[in-house]
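Spelled out from the first residue to the last, the chains are:
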Amino acid sequence: MRRPKKYESGEATQYISRRAALRKLQLSLNDFRRLCILKGVYPREPKHRRRAQKGSSEIKVLYHTKDIRFLLHESIVWTLRDYKIFAKKSNRDRAIKDFRNLKRRLALFPEIKLDHIVKERYPTFIDALKDLDDCLTLLFLFSTFPSLHLIPREQSNLCRRLTIEFLHYVIASKSLRKVFISIKGYYFQAEIKGQKVTWIVPHYYPFKPQSRQEVDFKVMSIFVEFYTIMLGFTNFRLFHSLNLAYPPQFPSSVLQDSEESLKDEASFVSDRIAALNFELLRTDKVQEDEEELDIDMELLEQDGDSKRIIKMKQEAQEVSRLRTLFKGLKFFINREVPREPLVILIRSFGGKVSWDSSVFAGSAYDESDETITHQIVDRPSLATQYISRDYVQPQWLFDCVNQRQLLPTNKYFLGEKLPPHLSPFVDSKRDTYIPPEEKALLDPSLIETHAQSDDESEDEAEKEEEEAVDQELLDAQLQLAYQQETAEYKKYGGQDGVNEDEEDPEDDDEEDDDEEEEEEVDEKTKRLQQEKQKMSVQSGKVHKVNKRQVHKAEVDEHRLQARMVKPRHRNLFRKLIREKQTKEKEEWLLRKKRRTIEAGEKEARKTAKREARKEAAAAAAKASKLGK
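Residues numbered from 1 in each chain as written. Predicted model: local features only at pLDDT ≥ 70, side-chain atom pairs only at ≥ 80, totals over all residues. Heavy atoms only, no water.

- The name given to the protein chain in an unreviewed UniProt entry is Pescadillo homolog, and the organism recorded there is Drosophila rhopaloa.
- Quoted verbatim from the Sequence similarities (unreviewed entry) heading of the UniProt record, the comment on the protein chain is "Belongs to the pescadillo family."
- Per UniProt, the protein chain carries the Function (unreviewed entry) text "Required for maturation of ribosomal RNAs and formation of the large ribosomal subunit." (UniProt positions renumbered as here; feature names shortened; annotations may be inferred.)

Put into structure tokens, the structure is as follows:
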């Protein structure tokens, strides 16, 4: 048996460099990148880089050898090679000005078909739903792009159509569960076939092309090319599961890409929002309010875990209430409010929505409609208001969905300071810092106590100030009375203010007897008091913690733990300790930030009250002068 040479077995044969892969596949770098993105092949990080690179110390891009062998049998490789042949022949025809042959070649342009790759990467429909997060986020981003050098208008139109179809499924199935507003955009989470799908809808801003090439749009467009095929298959399955016609049919006035709509970005976005405000055609011709299927309790009882069954039943009841949260409510959106996320929210939970028809297309009713229950406004005041409706800010809708109930509107009126917008995507039982508003949501009894604590602290501060003033006046009066008393004693008495009388010896003996009796009584009373003190409940004494000693003890304990860890696990132990320290630091910074904010608000309230008192005192003084 021949002994294997160095780097002929083991980790050196499991990895291959990118240059060697290009030679093996006979592709250019751009074609290799495109092939890897479409097939889902990515670079790998070896455990021992020096061994994987056959002794070389430079850093190379490495792939698994089995992945490159897998790419050798892909039919797309031949299509990419046909692109090279097509480019050479078409360039030759242009050079010799053989336009007849060039036209024939353009008609036979080789096209890449990705259907088999989608089926290969996602064998089941649930696998495709699990990988839908990045797909939706990227397609929603590209649906807002204008025509660029590397992004043709047809691609952004296709992204717009597919995302609108997916949103129509979410609205029809009422599968939306969580929403959140952030700097990046609007976060949405839907539950589809038992899988949680989360995506981001970006804020709408007029597009500004960047001078620097910081973003590689070419690579992103390759991802979009694959994701559009994948989302098309997914939408087809989802629509047919609800007996909806696919592709959906919209009115002729909506989603018609004319020259005006392609030039004007505002009308392009307006058409996309208007398409969300129409009902879809059904294949069964029967439109019913689809309700969540009840949980089969007989099947669940076989588990024997009653707490789990009760929890699932409560969750199902909350979801059924959430699906009809805005049922029977009519909303009107003012022109300054971003419409797309609000239309998705309102229609997903059974509400009706409209906007100003003179500015945007697709409105269902006018602002003068008396049946409107809520008007969404994002300005401090309005000239004309109707008594029959509530004027609220947009955050009210998001908070109602996250808390799964219709909240009181008094905190969201025009010009009101909004409550903090809490994220529903964090764990409520986490070990890190939890703001008091989130604690109040988990325990409603803390809402009043938190508000009362501020009022009580302010009242206590006011009482302390008043008591200090009264105490100063009382001390001054007592000092004056004492001075008068001592002056009278000095005038009518001895030097020390005490009369000097002669003392009799008989009186001394009587006084000695009285003192002895008093001492005996005092000893008995002392014993009784000591016994009572043993049996009595005394107030506790404040024990001051020495922070230095506590910190020193923690450091010593940490060193002892580090010594007990095995050498092979020390790196893991250090990593855990580092993560713990970073979490503690983040929590400390958040608490410090909260304290500074609360101190500033408290000081502002105090100064406002002082100014109000001064104004009231000045007004009272002015009124008294006028009365005189």
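Structure shown, so let's carry the discussion forward.
**Some details on the pattern of salt bridges**
When charged atoms on two side chains of opposite charge get close, those side chains can pair.
Stage number 1. Under the counting rule described, the total for this entry stands at 17 salt bridges.
Stage number 2. For Arg44, the salt bridge goes to Asp67, with nearest N and O atoms at 3.9 Å. Taken together, the residues span a long stretch of sequence, with Arg44 in the loop between helix H3 (29–39) and helix H4 (49–52) and Asp67 in helix H5 (residues 65–72) at a distance of 23 residues.
Stage number 3. By relative accessible area, Arg44 is classed as partly exposed at 37%.
Stage number 4. Among the residues examined, Asp67 registers a relative accessible area of 14% and is labelled buried.
Stage number 5. Arg92 is the partner of Asp93 in a salt bridge, and the nearest nitrogen-oxygen pair spans 4.0 Å.
Stage number 6. For Asp93, a relative accessible area of 0% puts it in the buried group.
Stage number 7. The network of salt bridges with common partners includes Lys39, Glu74 and Glu120. (Salt bridge = Lys/Arg side-chain N within 4 Å of Asp/Glu carboxyl O. Helix = DSSP H or I, 4+ residues; strand = E, 2+ residues; numbered from the N terminus. Buried < 20%, exposed > 50% of the residue type's maximum accessible area, 1.4 Å probe, protein only.)

**Let's talk about the packing of aromatic side chains**
Here a ring pair, both rings aromatic, is described through the centre-centre distance and the interplanar angle of the planes.
Stage number 1. Within this structure, the stated rule accounts for 19 aromatic pairs.
Stage number 2. With 5.3 Å between their ring centres and 80° between their planes, Phe166 and Trp199 make a pair best called edge-to-face. Linking Phe166 in helix H11 (residues 153–173) with Trp199 in strand E5 (residues 195–202), this pair joins segments that are 33 residues apart in sequence. Judged on exposure class, the residue Phe166 and its partner Trp199 are both buried.
Stage number 3. With centroids separated by 5.3 Å and ring planes inclined at 65°, the aromatic side chains of Phe239 and Tyr246 adopt a geometry described as edge-to-face. (Phe/Tyr/Trp six-rings, centres within 6.5 Å; stacked < 30°, edge-to-face > 60°.)

**Some remarks on the environment of Thr324**
Stage number 1. Inspection of the secondary structure puts Thr324 in the loop between helix H16 (306–323) and strand E6 (330–333).
Stage number 2. Taking the C-alpha atoms as reference points, Thr324 and Gly350, 26 residues apart in sequence, are found 5.4 Å from one another.

**Let's talk about helix H22 (residues 547–564)**
Stage number 1. With 18 residues, H22 ought to run about 26 Å at 1.5 Å a step, and its terminal C-alpha atoms sit 26 Å apart, in line with that.
Stage number 2. With zero of its 18 residues buried, H22 lies for the most part at the surface. (Expected span 1.5 Å × (residues − 1).)

**Here we look at the sheet that holds strand E3 (residues 176–181)**
Stage number 1. Strand order in this open sheet of three strands is E3-E4-E5, and the pairing throughout is antiparallel. A single partner strand is all that each edge strand has here, and the edge strands are E3 and E5. With direction set aside, neighbouring strand axes in the sheet form an average angle of 15°.
Stage number 2. Sheet topology places strand E4 (residues 185–192) next to E5; eight bridges connect them, and they run antiparallel. (Pairing = 2+ DSSP bridges. Axes fitted to C-alpha atoms, helices over the stretch in contact; angles between N-to-C directions.)

**Some words on the pairing of strand E7 (residues 352–355)**
Stage number 1. For E6 and E7, the ladder comprises four bridges, and the chain directions are parallel. Note on E7: the bridge partner recorded for Phe331 is Val353.

**Looking at the nonpolar core**
Stage number 1. Membership of the largest hydrophobic core comes to 90 residues, with the highest contact counts inside it found for Leu176 and Trp199.
Stage number 2. Sort the elements by how many residues they give to this core and helix H12 (residues 217–241) lands first, with nine residues.
Stage number 3. With near-sequence residues (within four places) excluded, Leu176 lies in contact with Val170, Phe188, Gln189, Ala190, Trp199, Leu322, Ile344, Leu345, Ser348 and Phe349. (Core = buried A, V, L, I, M, F, W, Y, C linked by side-chain atoms within 4.5 Å. Contact = heavy atoms within 4.5 Å.)

**Focus: the side chain of Arg323**
Stage number 1. Within the secondary structure layout, Arg323 lies in helix H16.
Stage number 2. For Arg323, a relative accessible area of 9% translates into the label buried.
Stage number 3. From its side chain, Arg323 meets the backbone oxygen of Ser173 in a polar contact 3.1 Å long. (Polar contact = N/O pair within 3.5 Å; in protein donor to acceptor, adjacent residues only side chain to side chain.)

**Section: unusual backbone geometry**
Stage number 1. Cis geometry is found at the peptide bond from Tyr246 to Pro247, where omega equals 0°.
Stage number 2. Mapped onto the elements of the fold, Pro247 is located in the loop between H12 and helix H13 (259–263).
Stage number 3. You will see that Lys97, though not glycine, has its phi angle at about 60°, which is positive.
Stage number 4. Tracing the backbone shows Lys97 in the loop between helix H6 (76–95) and helix H7 (99–107).

**Digging into the sheet that holds strand E9 (residues 390–392)**
Stage number 1. The strand order E7-E6-E8-E9 describes an open sheet built from four strands, whose pairing is parallel. Each having just a single partner strand, E7 and E9 make up the two edges of the open sheet. Taking each pair of neighbouring strands and ignoring which way they run, the sheet shows an average axis angle of 25°.
Stage number 2. Of the strands in this sheet, E6, E7 and strand E8 (374–376) touch helix H17 (residues 339–348), which is tilted by about 155° from E7.

**Side note on the packing of H11 against H12**
Stage number 1. Relative to each other, H11 and H12 sit at 30°, their axes nearing to 10 Å. Here H11 lies roughly parallel to H12, going by the angle between them. Relative to H12, H11 is oriented so that their crossing is left-handed. Facing H11, whose interface residues are Gln155, Leu158, Cys159, Leu162, Thr163, Glu165, Phe166, His168 and Tyr169, H12 presents Ser221, Val224, Glu225, Thr228, Leu231, Gly232, Asn235, Leu238, Phe239 and Ser241.
Stage number 2. Of the residues assigned to the contact of H11 with H12, the class counts are nine nonpolar, eight polar and two charged. (Parallel < 35°, antiparallel > 145°, perpendicular 65-115°, else oblique. Left-handed = near helix turned anticlockwise from the far one by under 90°. Nonpolar A, V, L, I, M, F, W, Y, C, P; charged D, E, K, R; others polar.)

**Structural notes on a positive patch on the surface**
Stage number 1. Positive charge collects at one region of the surface, where Arg19, Arg23, Lys54 and Lys60 lie side by side.
Stage number 2. Positionally, Arg19 belongs in helix H2 (residues 18–25). (Patch = residues over 30% accessible without salt bridge, like charges linked within 9 Å, V, L, I, M, F, W, Y side chains within 5 Å. Areas by Shrake-Rupley, 256 points an atom, 1.4 Å probe, with all protein chains shown as cover. Lys, Arg positive; Asp, Glu negative; His and termini not counted. Charge placed at Lys NZ, Arg CZ, Asp CG, Glu CD.)

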